[in-house]
Amino acid sequence: MDTRLQKHLQHASGYLDLKMWEDALREADAALALKPDEPMAIAIKSTVFWEQNRLAEAEPCMAKLAEQNPKNSGLWINLAYVRRRTQSLDAAVDTLQRAFEANPKDALAHFNMACYRAVQNRPEEALTLLANAFALDPKLKKLAKAEKDFDAIRDLPEFRKLL
């Protein structure tokens, strides 16, 4: 690795740890000027924007990371979260589908898609996805109890039975 690139990445990472957001961005941008597709620099920018709730600015960084790592379902889940808030529920659903392609047994992908289907008033799909999520990770039941996306199906006997 180029020593200048390495220096900028080390500085960006250090600033990120210290929550010195603008300095981290400056160093990440300097690294990207040397190597435009550098995953660590893109991840640092994404993290800074996420931490500052600058989701519209995080989205292209997160999309690039997900495309660079298509088998990482967690990246697709996070990108879907951002797209739900910056674009639309449909964009989030389309993005989350990539998480299933990356890892069909990712409990959080099932859980999040259950949230989206519940909000879309598709209770049967939501309940099936939620049952899958619980089978893969029973600890998600606690999260489901407080999740507002399930308000539309919370009173269904099937939902109560799942919990």
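Residues numbered from 1 in each chain as written. Predicted model: local features only at pLDDT ≥ 70, side-chain atom pairs only at ≥ 80, totals over all residues. Heavy atoms only, no water.

Novice: How do you make sense of the overall build of the chain when you look at a structure like this?
Specialist: Helix and strand counts for the chain come out as ten helices and zero strands. Traced from its N-terminal end to its C-terminal end, the chain shows the element sequence α-α-α-α-α-α-α-α-α-α. Viewed in the frame of its principal axes, the chain has a C-alpha envelope of about 60 × 25 × 25 Å. Counting every position in the chain, which comprises 163 residues, the buried fraction comes to 42%. Sequence-distant contacts, at least 24 apart, represent 48% of the contacts inside the chain between residues at least 6 apart. Carbon and sulfur atoms make up 51% of the accessible area of the chain, which totals about 9,000 Å². Between the mean site of the 24 positive side-chain charges and the mean site of the 24 negative ones, the chain shows a separation of 4 Å. (Helix = DSSP H or I, 4+ residues; strand = E, 2+ residues; numbered from the N terminus. Buried < 20%, exposed > 50% of the residue type's maximum accessible area, 1.4 Å probe, protein only. Contact = heavy atoms within 4.5 Å. Areas by Shrake-Rupley, 256 points an atom, 1.4 Å probe, with all protein chains shown as cover. Lys, Arg positive; Asp, Glu negative; His and termini not counted. Charge placed at Lys NZ, Arg CZ, Asp CG, Glu CD.)

Novice: Hey, could you run me through the nonpolar core in this one?
Specialist: For soluble globular proteins, the rule of thumb is that nonpolar side chains tend to be buried together. With 52 residues, the main nonpolar core has Leu 96, Phe 111, Tyr 116 and Phe 150 as its most contacted residues. When residues in this core are grouped by element, the largest group, eight residues, is from helix 7 (residues 107–119). In this structure, Tyr 116 is in contact with Ala 80, Tyr 81, Arg 84, Leu 89, Ala 92, Val 93 and Leu 96, ignoring residues within four places of it in sequence. (Core = buried A, V, L, I, M, F, W, Y, C linked by side-chain atoms within 4.5 Å.)

Novice: What exactly am I supposed to notice about the packing of helix 1 (residues 3–17) against helix 2 (residues 21–34) here?
Specialist: When two helices pack together, their arrangement is given by the angle between the helix axes and by the axis-to-axis distance. Two numbers describe how helix 1 lies on helix 2: the axes approach to 8 Å, and their chain directions differ by 160°. Classified by the interaxial angle, the pair formed by helix 1 and helix 2 is roughly antiparallel. As helix 1 runs across helix 2, the sense of the crossing is left-handed. Residues Arg 4, Leu 5, His 8, Leu 9, His 11, Ala 12, Tyr 15 and Leu 16 of helix 1 pack against Trp 21, Asp 23, Ala 24, Arg 26, Glu 27, Ala 28, Ala 30, Ala 31 and Leu 34 of helix 2. Residues belonging to the contact of helix 1 with helix 2 are distributed by class as follows: eleven nonpolar, two polar and four charged. (Axes fitted to C-alpha atoms, helices over the stretch in contact; angles between N-to-C directions. Parallel < 35°, antiparallel > 145°, perpendicular 65-115°, else oblique. Left-handed = near helix turned anticlockwise from the far one by under 90°. Nonpolar A, V, L, I, M, F, W, Y, C, P; charged D, E, K, R; others polar.)

That is the geometry; function is a separate question.
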